[in-house]
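So the chains spell out like this:
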Amino acid sequence: MPLFVAGLSHRNAPVELRERLAVEEDKLRELLRDVTATGTVEEALILSTCNRVEVYGVAPAPGEARALAFRHLCQHRGVSPALVEPLLYTHLEEDAIRHAFRVASSLDSMMIGEPQILGQVKEAFALAQACATIGPSLHPLFTQAFAVAKRVRNETEIARHAVSVAFAAVELAKKIFAGLARKAVLLVGAGKMGELAARHLVEQGAFPVYVVNRTWARAQEMARALSGTALPWDELETALAGVDIVITSTGAAEPVITRAAVQRVTNGRRARPLFFIDIAVPRDVEAGVDSLGGVYRYDIDDLKQVVDANIRERHREAHRAEALVEREAGKFVARLRDVEVIPTIVSLRERLEEIRLGELRKALARLADAPPETRQALEALSSAIVNKILHAPITKLRESSRAGAHRTWLELVHELFGLTRK
Amino acid sequence: MHPTLLSLAIIAYVAATGLSLAYLVQREEWIHRLASLATIGGWLLHTGALLARGLQLGRPPLASLPEAVSVAVWVVVLLALWVERQTGVKVLSAFVLPVVLMFSMKASTTRSLPGLEPALGGAWLWVHIGLTLIGIAAFVLNFAGALMYLLQEHQLRLKRPGTLYYRLPALETLDRLTYRTLALGFPFLTIGILLGVLWAGPAWGSVLTFDPLALLSVVAWTIYAGTLAGRTAAGWHGRRAAYFAIVGFAALVLTLGAGLFLPGRHGS
């Protein structure tokens with residue numbers, strides 16, 4: 001019975017439509033039940049995120065199943081099916097398997113390698129399982145999809161490099177310092193993004209954190225939020241001397257950290273690296289500090305450049321991930337086909353064994369006083385003949401299953417040996 | 001040197017070098033695993049070659065410079081494998097192996113002389129050579145660390161990450177690596193050279209005989225001594241320390257080159 005996936009995603013459907021089709025959990029249960037109740041769909045899983053709505057299923061007529069599922073969905077969300085229908089894509093069998101693997105591995109995501117999608121697929125699977133709409137086809141498919149996603153994450157770097165400015169800053173810090181544990185951070189200004197970057201650094205073990213702000217109350221508030229220490233504004237330069245990473249995000253029109261100030265400080269630092277993350281616009285740190293030894297300064301544009309490079313890096317890694325998914329999909333399909341030919345091989349064996357035993361019994365009845373050696377010889381002879389005869393068709397069936405042409409061969413074997421369909 | 005084993009070792013080192021460089025650009029774990037295997041394989045073959053040679057000669061295979069360079073390569077490879085395991089800097093071999101290869105090719109193509117006259121031998125000579133070699137091996141890693149440091153620092157200053165940015169470890173890690181290898185190599189080189197000087201007096205008749213290798217080695221030693229002093233006393237770090245490591249290594253290469261190409265008492 002054909003496996004299919006039908007749906008729409010960020011690739012072809014506008015966000016206005018996707019958000020209208022997003023379904024909450026309760027309704028998903030209901031939909032799963034409705035879709036499988038009629039018998040049009042045997043197994044079903046619905047994946048509904050802000051970037052895609054997809055129905056995975058097993059149905060004798062996938063086209064009908066798709067129409068049914070989306071009719072229910074549109075009805076529930078008050079969307080005209082005429083709007084949705086032209087946007088739907090359908091993948092069958094092997095393509096559906098590949099699609100499931102790609103989606104779970106985050107290769108079909110808007111931001112390649114984003115980690116949420118795997119969790120969302122797992123939730124959809126758990127929900128479908130709870131509704132008992134997962135059966136012998138979807139169960140192995142999704143278990144394998146999770147395994148493939150894990151391999152893609154571990155063996156490629158599609159998820160490794162930061163794609164947000166705040167995380168890119170943290171990664172840069174890790175390319176300067178061997179580790180962030182016990183690296184002192186100074187946060188200057190109270191911008192949201194600065195706070196976020198500081199938080200990321202703290203999560204990676206950076207300690208202690210100092211906060212400097214023109215407004216004392218705001219500095220204290222921010223220090224509390226980051227479990228840090230607030231310092232008065234005029235101690236900025238003193239603070240610079242003792243820290244490793246400085247994040248600036250003030251609203252000041254002029255740079256608050258000058259080259260001269262940094263130079264005064266670096267003499268006492270014995271060239272311990274000092275890393276400025278300047279998220280403010282206009283910038284807070286004079287660009288001239290770049291030429292000081294051991295001082296690294298990244299402003300918002302530099303960070304964006306790093307993010308762009310990281311995204312390019314992810315896309316490069318995506319090629320490797322695609323190859324991995326392709327191999328895994330191939331293996332999975334081969335295994336499925338093996339499963340399909342096994343019942344026929346078993347009944348073929350049973351059929352010939354039945355004939356052999358019947359004929360053997362007749363022959364032995366005629367040779368009532370034959371010595372045990374003769375009986376054993378007959379037994380061995382008949383077994384050998386049966387095995388020799390079976391060898392070619394079984395090999396052929398196995399091969400045909402791998403080549404994808406097993407259906408006609410199955411028919412043929414059934415016809416030739418008079419096997420009954422189960 | 002046992003010719004077949006040594007050739008096989010060099011083939012393995014060539015393969016390891018190629019694979020390590022490939023791993024720099026193509027980050028596939030299996031390439032790194034293969035590179036490590038080739039390195040270990042090459043090192044084992046090399047060990048066999050050195051043992052065979054030692055047994056054949058009935059003395060350590062250290063008496064002529066080509067022999068000694070081959071042993072130095074053997075120490076470098078061992079040290080590099082160990083440091084790579086310790087620091088997790090998987091790209092280290094991509095920077096060490098090309099140097100190793102250059103030396104081992106040179107050492108294997110240079111005709112090996114019968115070695116020093118037995119009268120000049122003696123335990124102190126072997127200690128002199130052995131210690132100096134360990135020092136040199138540490139400085140090969142020192143050079144590799146400095147090179148990686150400068151490349152990574154360049155990437156960070158450019159603010160446009162390239163392939164190497166993703167591949168190379170943190171500046172601090174690399175700076176620590178250059179410092180540690182310097183601190184490790186320097187005492188060995190110092191004692192090695194001192195023993196050489198002490199030994200040269202009675203053996204050559206004078207400490208100040210003109211020998212290109214001996215003189216240049218003092219130049220290299222001075223550079224390293226200066227770097228170490230700068231690092232410990234003046235707190236040199238990062239780029240400056242890295243530049244010095246590179247200059248020091250250039251002097252060292254020149255020293256060995258002089259020994260290999262110019263006539264002198266270290267024999268070529």
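Note that the structure is a prediction, hence the values are computed from the model and not measured. (Residues numbered from 1 in each chain as written. Chains lettered and ligands numbered in written order. Predicted model: local features only at pLDDT ≥ 70, side-chain atom pairs only at ≥ 80, totals over all residues. Heavy atoms only, no water.)

### A look at the overall build of chain B
From N to C terminus, chain B includes nine helices and zero strands. Listed by position from the N terminus, the elements making up chain B come as α-α-α-α-α-α-α-α-α. Relative to all contacts within chain B whose residues are 6 or more apart in sequence, the contacts with residues 24 or more apart total 79%. Element-wise, carbon and sulfur atoms account for 73% of the exposed surface of chain B, whose accessible area totals about 11,700 Å². (Helix = DSSP H or I, 4+ residues; strand = E, 2+ residues; numbered from the N terminus. Contact = heavy atoms within 4.5 Å. Areas by Shrake-Rupley, 256 points an atom, 1.4 Å probe, with all protein chains shown as cover.)

### Structural notes on the confidence of the model for chain B
Residues and elements named next belong to chain B. Residues with a pLDDT of 70 or more make up 86% of chain B, whose mean pLDDT is 83. Within chain B, helix H2 (residues 29-57) carries the highest mean pLDDT (91), whereas helix H4 (residues 92-109) carries the lowest (82). Scoring of the predicted complex yields 0.79 for pTM and 0.84 for ipTM. (pLDDT = per-residue confidence, 0-100.)

### Remarks on the interface of chain A and chain B
Often the size quoted for an interface is simply the accessible area lost on bringing the parts together. Taken together, the contact between chain A and chain B spans 29 residues of the former and 27 residues of the latter. For the chain A and chain B pair, buried surface summed over both sides reaches about 2,300 Å², with 44% attributable to carbon and sulfur atoms. The largest contributions to the chain A side of the interface with chain B come from Lys175, Arg270 and Tyr296 of chain A, which together make up 30% of the buried area. On inspection of chain A and its partner chain B, the count reaches three salt bridges. With its nearest N and O atoms 3.0 Å apart, the salt bridge here joins Asp290 of chain A to Lys159 of chain B. Counting every contact that joins chain A to chain B gives 18 residue pairs in polar contact (both at pLDDT 80 or more). At the level of elements, helix H8 (165-176), strand S10 (295-299) and helix H13 (300-366) of chain A are the ones that each hand at least two residues to the side of chain A that touches chain B. In terms of residue count, the dominant contributor to the side of chain A that touches chain B is H13 of chain A (eight residues). (Buried area = accessible area lost by both parts, 1.4 Å probe. Salt bridge = Lys/Arg side-chain N within 4 Å of Asp/Glu carboxyl O. Polar contact = N/O pair within 3.5 Å; in protein donor to acceptor, adjacent residues only side chain to side chain.)

### Let's talk about the pairing of S10 of chain A
Within a regular strand, the side chains alternate between the two sheet faces. Residue and element names in this part refer to chain A. The buried fraction of S10 is high, at five of five residues. Alternating residues of S10 divide into Val295, Arg297 and Asp299 and Tyr296 and Tyr298, and every residue in both groups is buried. In terms of strand pairing, strand S9 (residues 274-278) meets S10 through five bridges, oriented parallel. Each bridged residue has a counterpart across the sheet, and for Phe275 the counterpart in S10 is Tyr296. (Buried < 20%, exposed > 50% of the residue type's maximum accessible area, 1.4 Å probe, protein only. Pairing = 2+ DSSP bridges.)

### Things to note about the packing of aromatic side chains
The full count for this structure, using the stated rule, is twelve aromatic pairs over all chains. Each ring, one from Phe125 of chain A and one from Phe142 of chain A, has its centre 6.0 Å from the other, and the planes form 35°; the classification is tilted. With a gap of 17 residues between them, Phe125 of chain A in helix H6 (residues 116-130) and Phe142 of chain A in helix H7 (residues 138-155) connect regions that are remote in the sequence. A relative accessible area of 1% places Phe142 of chain A in the buried class. Between Trp43 of chain B and Trp74 of chain B, the ring centres sit 5.2 Å apart and the planes meet at 20°, which makes this aromatic pair stacked. In this pair, Trp43 of chain B is assigned in helix H2 and Trp74 of chain B in helix H3 (residues 65-87), connecting sequence segments 31 residues apart. Residue classification places Trp43 of chain B among the buried positions, given a relative accessible area of 15%. Ring-pair connections join several aromatic residues into one group, and the members of that group are Tyr56, Phe125, Phe142 and Phe146 of chain A. (Phe/Tyr/Trp six-rings, centres within 6.5 Å; stacked < 30°, edge-to-face > 60°.)

### Overview of the nonpolar core
Leu201, Ile245, Ile247 and Phe275 of chain A together with Leu92, Val96 and Met148 of chain B are the most contacted members of the largest nonpolar core, which totals 107 residues. When residues in this core are grouped by element, the largest group, 16 residues, is from helix H5 (residues 123-158) of chain B. With residues up to four places along the chain from it excluded, the contact list for Ile247 of chain A reads Val185, Leu186, Leu187, Val188, Gly194, Ala197, Ala198, Leu201, Ile277 and Ile279 of chain A. With 65 residues, the next largest nonpolar core counts Phe4, Val23, Ala44 and Val53 of chain A among its residues. (Core = buried A, V, L, I, M, F, W, Y, C linked by side-chain atoms within 4.5 Å.)

### Considerations on helix H10 (residues 216-225) of chain A
All names here are of chain A. Within H10 the residues assigned to the buried category are Ala219, Met222 and Ala223. Within H10, the buried residues cover an arc of 100° as seen down the axis, which keeps them to one side. In H10, the exposed residues that point more than 90 degrees away from the buried face are Ala217 and Arg224. Its buried side turned inward, H10 meets strand S5 (185-188), helix H9 (192-203), strand S6 (209-212) and strand S7 (229-231). Downstream of H10 by a residue or two, Ser227 has a phi angle that is positive, lying close to 50°. (Arc of directions from axis to C-beta.)

### A short note on the sheet that holds S7 of chain A
Residues and elements named next belong to chain A. Spatially, six strands are ordered S7-S6-S5-S8-S9-S10 in an open sheet, and the strand pairing comes out parallel. Edge positions in the sheet fall to S7 and S10, since each has one partner strand and no second. Across the sheet, the mean angle from the axis of one strand to that of its neighbour is 20°, orientation sign disregarded. The strands touched by H9 within the sheet are S5, S6 and strand S8 (245-248), with S8 carrying the most contacts at an inclination of about 155°. Strands in contact with H13 are S9 and S10; relative to S10, the strand with the most contacts, it is inclined by about 85°. (Axes fitted to C-alpha atoms, helices over the stretch in contact; angles between N-to-C directions.)

### Details of the sheet that holds strand S1 (residues 3-9) of chain A
Strand pairing in a sheet takes place through backbone hydrogen bonds and is either antiparallel or parallel in direction. All names here are of chain A. One open sheet accounts for four strands, arranged S2-S3-S1-S4; its pairing is antiparallel. Every other strand in the sheet has two partners, leaving strand S2 (43-48) and strand S4 (89-92) as the edge strands with one partner each. When the angles between neighbouring strand axes are averaged without regard to direction, this sheet yields 15°. Taken together, the four bridges between S1 and S4 define a ladder with antiparallel strand orientation. What sits directly across from Gly7, in S4, is Tyr89. Here helix H5 (residues 93-104) sits on the sheet in contact with S1, S2, strand S3 (52-58) and S4, set at roughly 110° to S4.

### What to know about helix H2 (residues 25-37) of chain A
Residues and elements named next belong to chain A. Its 13 residues give H2 an end-to-end C-alpha distance of 18 Å, which sits within 8% of 18 Å, the value for a rise of 1.5 Å per residue. Within H2 the residues assigned to the buried category are Lys27, Leu28, Leu31, Leu32 and Val35. The buried residues of H2 all sit within an arc of 140° when viewed along its axis, so they share a single face. Facing away from the buried side of H2, by more than 90 degrees, are the exposed residues Asp26 and Ala37. Buried residues in H2 make contact with S2, helix H3 (62-77) and H6. (Expected span 1.5 Å × (residues − 1).)

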